[in-house]
Amino acid sequence: MRRVSIEEIKPLLLKVERPGRYVGGEYGIAKQKEEAILHVALSYPDLYEIGMSNLAIQILYNRLNKINGVSCERVFAPAWDFEEVLRSKAIPLFSLETGCVLSDFDIIGFSIGYELTLTNLLNILDLADIPLLAKNRTEKDPIVIAGGPAVTNPAPFGKFLDAIMIGEAEGVLDKIMLELLSLKRKGAGREDLISHIIKNESIWSLIKEGQTTRAIWHRFGIEENDESYRIVPNIKTVQDHGVVEIMRGCPNGCRFCHAGMFYRPCREKDLNLIIKEVDFLIGKYGYREITLSSLSSGDFTEIEQLTRVLNSRYSAYGVSFALPSLRIDSFTLSLLKELSVIRKSGLTFAVETPNERWQKGLNKEVSLDKTLKILKKAREMGWRQAKFYFMIGLPVVEPDEEVSQIVDFIKEVQNSIKIKLHINLGTFIPKPHTPFQWAQQLSLIRSEEKLKKIKSIVRNRYTKVNYHSPMLSMLEGAVSRGDHRVGELFLSAFYKGARLDSWEEHFNRKVWDRVIKEASWNVEHESCRERKFNEILPWDGIDLGISKTFLQKEYLRAMEAKKSPLCEDPCNYFCGVCRNGLSVRRSDTKIEDRGLPLKLSRTDNLLKVIFSFEKKDRAIYISHLNLMTVIERALLRAGFFVRHTEGFNPKPKIEFANALPLGIGSEEEIASVEVYNLNSTTEFIEKVNRVLPEGVRVKQAKIRSIDESKKRKESLMSNYWGSEFEILPLEGSSVLMIKEKLIGKAESNSLTHEEIDIRLPPQKNGLILRLKDMGKKSLKILPLLSEAMGTLQPFDRFNIKRIHTFAKDKSGKPESYFSI
Ligand code: SF4
Ligand code: SF4
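Residues numbered from 1 in each chain as written. Chains lettered and ligands numbered in written order. Predicted model: local features only at pLDDT ≥ 70, side-chain atom pairs only at ≥ 80, totals over all residues. Heavy atoms only, no water.

Peer 1: Explain the packing of helix H16 (residues 470-481) against helix H18 (residues 509-518) here, please?
Peer 2: Where H16 contacts H18, the two axes come as close as 12 Å, and the packing angle between them is 45°. In terms of orientation, H16 and H18 fall into the oblique class. Note on packing geometry: the crossing formed by H16 with H18 is left-handed. Of the residues in H18, those touching H16 at Met 471, Met 474 and Leu 475 are Arg 509, Trp 512, Asp 513 and Ile 516. When its residues are assigned to classes, the contact of H16 with H18 shows five nonpolar, no polar and two charged. (Axes fitted to C-alpha atoms, helices over the stretch in contact; angles between N-to-C directions. Helix = DSSP H or I, 4+ residues; strand = E, 2+ residues; numbered from the N terminus. Parallel < 35°, antiparallel > 145°, perpendicular 65-115°, else oblique. Left-handed = near helix turned anticlockwise from the far one by under 90°. Contact = heavy atoms within 4.5 Å. Nonpolar A, V, L, I, M, F, W, Y, C, P; charged D, E, K, R; others polar.)

What follows is the structure, given as structure tokens:
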């Protein structure tokens, strides 16, 4: 397979924002399998920080790489700046793990969680030089497959994909991959493989006829997830926690909720498996913040027991737990207490609509009284802010009253509790396979009017209000319920420059206005209009298991403001899903005594370790702030219990002597950490080096005792003298010229020989530059080189590496941190 060398494109990478998005090298990635027969590139078509926050990517990456003969790598959508670099230099898009060119893979698999990532998907294919239309692909092109909750109406995506998987990948993935492996071993070509894939009953394709049935993974919650490959990102992602999926599906059956229908029936994971996964995420991967994820975690039957047990096991290690989505009804005081043990994660209330009758129509009740009660208690316990979500345009509301009722609800909260509020408003989008799939969506103009009005009334110093752009909601609605014409619309928008549409800051309104105007059909009307019960819908060929009669019954009950029963076992309100041995699943209730989770021990023997480490190769793209987290997680993985600061948001006691700018390598970074259970520096170096990401390696360490009685503690930073750098000119730059320019700079700044020292060591091709730290007047390496050479991009001209980080000795002279 062809490769793009990260080293060769280094100057280009260092011109873009967050280059760590494109270089891989994280802890936990799969090693390259030389013997692989099937090469799969797995993608979430959005930026790295969104893609790596998606649990499906981690699940699929783990599963695929565990199959002998399959090698799975990742690729995400590039940001604008990197796309420009790729296009202007004709560099094809490549994988994160090995830099392999995307078009050389056998399969590209997209996990699509959000409809508006369609233009990114097209961009990824285009940047890889793969024909966008499936019908134009040939034997040399990869097979392009997608799955995920956003493609349950496959019609808009159909033209671009060779196959679409409907349902839960775990249910079919292994089987399909094993079959493909066997076919490939026998010499099958691309067309043979596609013909085989689309035979599966859970695979939809434009060239296939008949129903496609959702795959459901029956073993969710009982099969152990061994997490052989869990990637721990080197840069901060949107969901930067360790995530354990504690429940799949939701018992509540809210009528607007696609996820609630798509993931039926509700299946809880066994408590002991959850705890095992938490052990893994902390001990093997180094996470200190764990999210117990599901669609509605408060509905997990044993949630109180689970959070209590987890806190009692891990709170001493500074590990905290968050429940991302809690219904008001599932909030209890003891749950609040458990959530506040270490760090207080955000409080979120998805009210949707304020009026009780309308709430009944949604099949989701959120009482104002209960909300106020919980908020009051949370305020007493130290929470200072809460998020609220409301939707406008739901089919169950009185259109003329919804603005005033949402405003009244928010005002009641504002007047009752002094807490900062973040109000998020959105427009209801009818989703396929839900009871509201036939409903009307609010027009752009009405939506804009209503959202602006609510915002203007409730916004104040303590209440922030954001609303989701009505245009984005309209486009999301277009993909959700549209047909092949929506695919064409998106293709046309892509050609005109639309990308990263889900990001309001990147959304190009002009492009979209133009393509909507030029379309041969009325995009807004067609996307928003009400559908009739007897109308043929583009997703009728997809069977998620829920019968259409059930959805229609639910729609009518919504209009009459009638609530429906929960999804539970035994089922007394059959929707069609629980057949063939499938049913709602509750977790076990008894937690086995597993002893202490990690090989961590806290003794009174608290020590400080000062250590040096190198930072090179892909690690030069890790920023200083991110490096803190990288080191912190590595220490936890290595089994060292790090001391934390006291207070509201405890932080590990790790200190760096001096921050290193992104893009500069280093042979000697200096850091210190306070740890409890350390025996020797050799143990420290060996254990930590086993679990650091690529390019970071501890070289030396020394142990210091900590004198708690000293008021002013010595810090690495206050002892910092300065650094020595090696500057290697790239082709076309002369080392003598750099030297002259730097000397000129030193003279014009009247710097002494001690403050700046420029040397050309004999028999070396580079220049050595020693810079003394002078507090606020300090010369910084990158601005100094830029100014001296008159270039904004020093990395175009030089390779820069820090070779020494010096401490001050007693007389203020530079000395090694290990000698003072
Ligand atoms: S509580 Fe309602 S809205 Fe939330 S996930 Fe469950 S069904 Fe969906
Ligand atoms: S058949 Fe009953 S229990 Fe099963 S998913 Fe449908 S409503 Fe829930």
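Peer 1: For this particular structure, what's the right way to read the domain arrangement of the protein chain?
Peer 2: By a frequent convention, interface size equals the accessible area lost on bringing the separate parts together. Split into domains, the protein chain comes out as domain 1 (10-213), domain 2 (346-481 + 499-539), domain 3 (599-718) and domain 4 (720-820). Here the C-alpha centroids of domain 2 and domain 4 sit 55 Å apart. (Domains from an automatic or database assignment.)

Peer 1: So what exactly am I meant to see when it comes to empty space enclosed by the protein here?
Peer 2: To find leftover empty space, a probe the size of one water molecule is rolled over the atoms. Tallying each qualifying case throughout the model produces seven cavities of 30 Å³ or more. One number sums up the size of the largest cavity: a volume of about 170 Å³. Lining of the largest cavity is provided by 21 residues; of these, Arg 264, Leu 566, Cys 567, Tyr 573 and Cys 575 occupy positions nearest its centre. In terms of residue class, the lining of the largest cavity is made up of 13 nonpolar, five polar and three charged. Among the residues forming the lining of the second largest cavity, the class breakdown is five nonpolar, six polar and one charged. (1 Å grid on protein atoms, 1.4 Å probe; cavity = no way out; pocket = protein on both sides within 12 Å on 5 of 7 lines; lining within 4 Å. Points joined across faces, edges and corners; volume = space filled by probe spheres on them.)

Peer 1: Hey, could you run me through the sheet that holds strand E5 (residues 163-165) in this one?
Peer 2: Strand pairing in a sheet is mediated by backbone hydrogen bonds. Such pairs are either parallel or antiparallel. Taken in spatial order, the six strands line up as E2-E1-E3-E4-E5-E6 in an open sheet, and their pairing is mixed. Pairing within the sheet leaves two strands with one partner each, and these edge strands are strand E2 (70-76) and strand E6 (203-204). Bridging between strand E1 (residues 38-44) and strand E3 (residues 107-111) involves four bridges; their strand directions are parallel. From the neighbouring strand, Leu 42 faces E3, where its bridge partner is Gly 109. Across the sheet, helix H3 (residues 55-66) is in contact with E1, E2 and E3; its angle to E2 comes to roughly 155°. In this fold helix H7 (residues 190-197) packs onto strand E4 (143-147), E5 and E6, with an angle of close to 25° to the strand it touches most, E4. (Pairing = 2+ DSSP bridges.)

Peer 1: What am I meant to see in the site of ligand 1 here?
Peer 2: The immediate surroundings of ligand 1 are formed by Cys 250, Asn 252, Gly 253, Cys 254, Phe 256, Cys 257, Leu 295 and Arg 327. Of the residues that constitute the shell around ligand 1, the class distribution is five nonpolar, two polar and one charged. (Near = heavy atom within 4 Å.)

Peer 1: Even after reading the chapter, I still don't get the nonpolar core, so can you show me in this structure?
Peer 2: As a rule of thumb, nonpolar side chains are buried together in soluble globular proteins. With 139 residues, the main nonpolar core has Met 177, Trp 512, Leu 769, Ile 781 and Ile 800 as its most contacted residues. Those residues in contact with Leu 769, other than ones at most four positions away along the chain, are Ser 723, Glu 724, Phe 725, Ile 727, Leu 742, Ile 756, Asp 757, Ile 758, Ile 781 and Leu 784. Formed by 94 residues, the second largest nonpolar core is a distinct cluster that contains Val 366, Ile 410, Ile 423 and Ile 454. (Core = buried A, V, L, I, M, F, W, Y, C linked by side-chain atoms within 4.5 Å. Buried < 20%, exposed > 50% of the residue type's maximum accessible area, 1.4 Å probe, protein only.)

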